[in-house]
Amino acid sequence: AEGKLQDPVVLEAEVRRMLKDPRSESLATKFGSQWLHLDELDAMTPNLFHYPEWDLTLTEAMKREVELFFDSIVREDRNVLDLVTASDTFVNGRLARHYGLGHVFGTDFQRVEFPEDYRRGLLGKGAILTLTSLADRTSPVYRGKWVMEVLMGTPPPPPPPNIPSFESTAGSENGRILTTRERMEEHRSNPTCNACHRLMDPIGLALDNFDVTGQWRSRENGMSLDTRGTYYDDTPVNSPQELTEILLKRPIPIVRTF
């Protein structure tokens, strides 16, 4: 049997046979979920004062969307890079309403195409954007770290000891609530902090038009969002679309990590 499986044709046929078994769904619900950190979504409850429409049905729908999306990549033998470029996804009525898609209703999941480029791949999925946020604000740091660790396989080093936390930075100035970016810039003015933040922050800021629940926004605390950043190779990155283009310029880390 081992000798036969060394034949690529026989091996491919065996893989296809195994994928027809219902148990192969565990590639998405177990392996894919663990790799993408979907279990962390269960511990995330957005602040209901700011996000009153959030509930557990939305949490479950977001997780199922990513599982079905991952399953389609494997089962349909799609390009691994579809994980960051694909415009299709799976939604039920609850999740479609959250995304602003008006043509899907009920509890069954349907395959749909996003009309917006910024929703492509995993970086536009509500589950990923929510689990990399905090209850009351987005976290460009968490989002940048997730991309580096999960997609690129290059996790940033842990923060050094005795570094003041982000939350210890001032939240307001002259009676005005500061944006997340403004507080980040104050936090990373410490040279020790800046060494890692200069790698993570531009990635996360490119995704900051997504709020805590993954909905698109253009303002924070009444201020226009500033998502401008510079990737470590000096490439400007200001949006999810530009971040995807940058990642695709170096596809090997994504494929190797997968």
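Just above, that's the structure.
The model shown is predicted, which means the values in this text are computed figures rather than measured ones.

Caption draft 1: Main features of a nonpolar patch on the surface. There is a patch of nonpolar side chains on the surface, built from Leu-27, Phe-31 and Phe-258 and spanning about 240 Å² of accessible area. When you line up the elements, Phe-31 lands in helix α3 (residues 26-36). A relative accessible area of 38% means that Phe-31 is categorised as partly exposed.

Caption draft 2: The packing of aromatic side chains, seen in detail. Tallied over the full model, the rule gives 10 aromatic pairs. The interplanar angle of 65° and the centroid separation of 6.3 Å between the aromatic rings of Trp-35 and Phe-70 together place this pair among those described as edge-to-face. Here the residue Trp-35 occupies a position in helix α3, and Phe-70 occupies one in helix α4 (residues 56-75), the gap between them amounting to 35 residues. For the pair Trp-35 and Phe-70, a shared accessibility class is recorded, and that class is buried. The interplanar angle of 45° and the centroid separation of 4.8 Å between the aromatic rings of Tyr-231 and Tyr-232 together place this pair among those described as tilted. The class of Tyr-231 is buried, set by a relative accessible area of 5%. Here the aromatic cluster, defined as three or more aromatic residues joined through ring pairs, consists of Phe-31, Trp-35, Phe-70 and Phe-258. Its end group placed over the ring of Phe-114, Arg-119 keeps NZ or CZ at 5.9 Å from the ring centre. In this arrangement the basic side chain of Lys-125 is found over the ring face of Phe-69, its NZ or CZ atom lying 4.3 Å from the centre.

Caption draft 3: Structural view of empty space enclosed by the protein. Applying the stated criterion across every chain, the model contains 1 cavity of 30 Å³ or more. If you go around the largest cavity, the residues you meet are Leu-122, Leu-123, Ile-128, Leu-129, Thr-132, Arg-143, Trp-146, Val-147 and Leu-207. Those elements that place two or more of their residues in the lining of the largest cavity are α7 (126-131) and α8 (140-151). Element by element, the count of residues in the lining of the largest cavity is highest for α8, at 3 residues. Residue composition of the lining of the largest cavity, grouped by class: 7 nonpolar, 1 polar and 1 charged.

Caption draft 4: View of the environment of Asp-226. Relative to the helices and strands, Asp-226 is located in the loop between β6 (223-224) and β7 (229-230). Of the residues examined, Asp-226 reaches a relative accessible area of 26% and is grouped as partly exposed. In the structure, Asp-226 is positioned 45 residues away from Arg-181 in sequence and 7.4 Å away in space, judged by C-alpha atoms. When residues no more than four places from it in sequence are discounted, the contact partners of Asp-226 are Arg-181 and Leu-205. Side chain to side chain, Asp-226 and Arg-228 meet in a polar contact 2.9 Å long.

Caption draft 5: Looking closely at unusual backbone geometry. Even without being glycine, His-37 reaches a positive phi, approximately 65°. Here His-37 lies in the loop between α3 and α4. Under the relative-accessibility criterion, His-37 is labelled buried at 18%. Positive phi outside glycine occurs at Asp-77, with the angle close to 55°.

Rules behind the numbers
Residues numbered from 1 in each chain as written. Predicted model: local features only at pLDDT ≥ 70, side-chain atom pairs only at ≥ 80, totals over all residues. Heavy atoms only, no water. Patch = residues over 30% accessible without salt bridge, like charges linked within 9 Å, V, L, I, M, F, W, Y side chains within 5 Å. Areas by Shrake-Rupley, 256 points an atom, 1.4 Å probe, with all protein chains shown as cover. Salt bridge = Lys/Arg side-chain N within 4 Å of Asp/Glu carboxyl O. Helix = DSSP H or I, 4+ residues; strand = E, 2+ residues; numbered from the N terminus. Buried < 20%, exposed > 50% of the residue type's maximum accessible area, 1.4 Å probe, protein only. Phe/Tyr/Trp six-rings, centres within 6.5 Å; stacked < 30°, edge-to-face > 60°. Lys NZ or Arg CZ within 6 Å of the ring centre and 35° of its normal. 1 Å grid on protein atoms, 1.4 Å probe; cavity = no way out; pocket = protein on both sides within 12 Å on 5 of 7 lines; lining within 4 Å. Points joined across faces, edges and corners; volume = space filled by probe spheres on them. Nonpolar A, V, L, I, M, F, W, Y, C, P; charged D, E, K, R; others polar. Contact = heavy atoms within 4.5 Å. Polar contact = N/O pair within 3.5 Å; in protein donor to acceptor, adjacent residues only side chain to side chain.

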